[in-house]
Amino acid sequence: QGLMPVLAAAPGVRLSPRMGYRDFLRLAAGADCVLTDGGSNQEELAAMGVPTLVMRDRTERPDGLGANARMEADIEGGVAAFLAANGHAALRVQA
């Protein structure tokens, strides 16, 4: 069934379709954490210091990895457990 139903039912989670650049930056700037599969999103979020979970097996973009971004495959116990334990708070980087 995957992660989407879990996220959709979680309090404080907002699932959004692709949006315009300014709207995305405004929303991301106030987010506790962003889950994305987009490399360009990963770059923007790294520059902003926003905790990011890259929902891919690999990425060609190193931006933020090891600082405010983690690859889904590197999250021990899975994304849902990581978020439930507030693990993303440790990824917050002051931009």
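Everything that follows concerns the structure shown earlier in this document.
## Digging into the overall build of the protein chain
Part 1: When you go through the protein chain residue by residue, the secondary structure sums to four helices and three strands.
Part 2: Along the chain direction, N to C, the helices and strands of the protein chain fall in the order α-α-β-α-β-β-α.
Part 3: A compact globule built from 95 residues should have a C-alpha radius of gyration of about 12 Å, and the protein chain, at 12 Å, falls within 12% of that.
Part 4: For the protein chain, the C-alpha atoms occupy an extent of roughly 30 × 25 × 25 Å along the three principal directions.
Part 5: By the burial criterion, 28% of the 95 residues in the protein chain qualify as buried.

## Points about the environment of Val34
Part 1: Inspection of the secondary structure assignment puts Val34 in strand β1 (residues 34–36).
Part 2: Exposure remark for Val34: the relative accessible area of 13% places this residue in the buried category.
Part 3: Considered as a pair, Val34 and Ala85 are 51 residues apart in the sequence and their alpha carbons are 15 Å apart.

## Topic: helix α3 (residues 39–48)
Part 1: Turning to α3, its buried residues are Gly39, Asn41, Gln42 and Leu45. Within α3, the buried residues cover an arc of 150 degrees as seen down the axis, which keeps them to one side.
Part 2: Next to the buried residues of α3 lie α2 (21–29), β1 and β2 (52–54).
Part 3: With its phi angle positive at about 75 degrees, Gly49 sits one or two positions after the end of α3.

## Some thoughts on a nonpolar patch on the surface
Part 1: A surface patch of nonpolar side chains, about 260 Å² in accessible area, is lined by Met4, Val13 and Leu15.
Part 2: With respect to the secondary-structure elements, Met4 resides in helix α1 (residues 4–9).
Part 3: The exposed category is assigned to Met4, whose relative accessible area is 53%.

What counts and how
- Per chain, the residues get numbers from 1 upward, laid out in the order the sequence is written.
- Side-chain atom pairs in this predicted model are given and counted only at pLDDT of 80 or more, local residue features only at pLDDT of at least 70, and totals for whole chains, interfaces and linings cover all residues.
- With hydrogens and water stripped out, all remaining heavy atoms of the structure feed into the side-chain values.
- Runs of E in the DSSP output that reach at least two residues are strands. Runs of H or I that reach at least four are helices, and both are numbered from the N terminus.
- Radius of gyration: C-alpha atoms only; globule rule: 2.2 Å multiplied by the number of residues to the exponent 0.38.
- Each residue is assigned to one of three classes by its accessible area relative to the maximum for its type, calculated with a 1.4 Å probe on protein chains only: buried under 20%, partly exposed between the two thresholds, exposed over 50%.
- What the arc covers is the set of directions going from the helix axis to the C-beta atoms.
- A contact between two residues is defined here by any heavy atoms of the two lying within 4.5 Å.
- Only residues whose relative accessible area exceeds 30% and that form no salt bridge enter a patch; like-charged residues are grouped when within 9 Å of one another, and nonpolar side chains (Val, Leu, Ile, Met, Phe, Trp, Tyr) when within 5 Å.
- Each accessible area value is a Shrake-Rupley result obtained with a 1.4 Å probe; residue values ignore everything except the protein chains displayed when judging cover.
- Put simply, a salt bridge is a Lys or Arg side-chain nitrogen that is within 4 Å of an Asp or Glu carboxyl oxygen.

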